[in-house]
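# Chains, contacts and geometry: an overview
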Amino acid sequence: MPGLGLGLGLGLSPQRPFYTANGVLRSPDNMTAAALPVPFVASASTSHTDPDFAPWHAFDGDTATFWAAGDGNLPPSWLQIDLGTTQYCASYKLIARNFAFGFWTAFNLAGSANASTWAVVDSRSGLSWTNGEQKTFTVQVPERFRYWRFNITATSGGSTEYADMAEVALYS
């Protein structure tokens, strides 16, 4: 079929759905900068001062790189992806990375049409992780939004400095 990614590292574009065992990948898996490839934009409320831990690393398809929030005042913190167009999200995958102290133990996923008014579609708490562990979650209230945000409300180990994640993927 023309236009289908076959899991060969072809990347994702709005015109080329990337089919996986979890469904159609809606978030990028090939980011090389905060706004590349177009139309995607990754951002966060805070990031570690080292640019190697920038938000887009959570969407680059490489588990050796990761986003690290860190300002000495966590939680709360958030990681956001602008998909460029409205996309339906029914599930998501997270791959943990513990750079310093902080796995996400509680968070919610919210969506927005305008990046200012948010609707929580999924909430998780009491989570435990190991480094590199992958978890897939079914969204409690599947919905369509352009902007998607993970709001981190608790981290492991009592850390107030870091909250890390290797990879994030949204699926329809």
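The present account deals with the structure reproduced in this document. (Residues numbered from 1 in each chain as written. Predicted model: local features only at pLDDT ≥ 70, side-chain atom pairs only at ≥ 80, totals over all residues. Heavy atoms only, no water.)

Helix and strand counts for the chain come out as zero helices and ten strands. Ordering the α and β elements of the chain from the N terminus gives β-β-β-β-β-β-β-β-β-β. Scored against the burial criterion, the 172 residues of the chain give a buried share of 48%. If you take every contact in the chain between residues at least 6 apart in sequence, the share linking residues at least 24 apart comes to 68%. (Helix = DSSP H or I, 4+ residues; strand = E, 2+ residues; numbered from the N terminus. Buried < 20%, exposed > 50% of the residue type's maximum accessible area, 1.4 Å probe, protein only. Contact = heavy atoms within 4.5 Å.)

So, about the nonpolar core. Ile81, Tyr92, Leu94, Trp104, Trp148 and Phe150 are the most contacted members of the largest nonpolar core, which totals 33 residues. Elements represented by at least two residues in this core include exactly β4 (67-69), β5 (77-95), β6 (104-112), β8 (134-155), β9 (163-165) and β10 (167-171). Grouped together as the second largest cluster of nonpolar side chains are five residues, Phe66, Ala68, Ile95 and Ala166 included. (Core = buried A, V, L, I, M, F, W, Y, C linked by side-chain atoms within 4.5 Å.)

Within β10, five of the five residues are buried, which leaves it mostly tucked inside the rest of the structure. Side-chain alternation along β10 places Glu167, Ala169 and Tyr171 on one buried face and Val168 and Leu170 on a second face that is also buried.

Right, let's talk about the pattern of salt bridges for a bit. Tallied over the full model, the rule gives three salt bridges. In this structure, Arg146 and Asp82 form a salt bridge, with 2.7 Å as the shortest nitrogen-oxygen distance. Here Asp82 lies in strand β5 and Arg146 lies in strand β8, a separation of 64 residues in the sequence. The partly exposed category is assigned to Arg146, whose relative accessible area is 28%. Residue class for Asp82 comes out buried when judged on its relative accessible area of 8%. Note that Lys135 is salt-bridged to Glu133, the shortest N-O span being 4.0 Å. Owing to a relative accessible area of 17%, Lys135 belongs among the buried residues under this scheme. The class of Glu133 is partly exposed, set by a relative accessible area of 26%. (Salt bridge = Lys/Arg side-chain N within 4 Å of Asp/Glu carboxyl O.)

This brings us to the packing of aromatic side chains. On inspection of all chains with the given rule, the structure shows ten aromatic pairs. Geometrically, the ring pair formed by Trp104 and Phe150 is tilted, given 5.8 Å between the ring centres and 45° between the ring planes. Remark: Phe150 occurs in strand β8 and Trp104 occurs in strand β6; sequence separation between them is 46 residues. For Phe150, a relative accessible area of 1% corresponds to the buried category. Taken together, the ring pairs in this structure connect Trp67, Tyr92, Trp104, Phe107, Phe137 and Phe150 into an aromatic cluster. Looking at Lys135, its charged tip hangs above the ring of Trp129, at a distance of 4.6 Å from the centre. When the ring centre of Trp78 is taken as reference, the NZ or CZ atom of Arg149 above it lies at 3.7 Å. (Phe/Tyr/Trp six-rings, centres within 6.5 Å; stacked < 30°, edge-to-face > 60°. Lys NZ or Arg CZ within 6 Å of the ring centre and 35° of its normal.)

These figures capture arrangement, not role.
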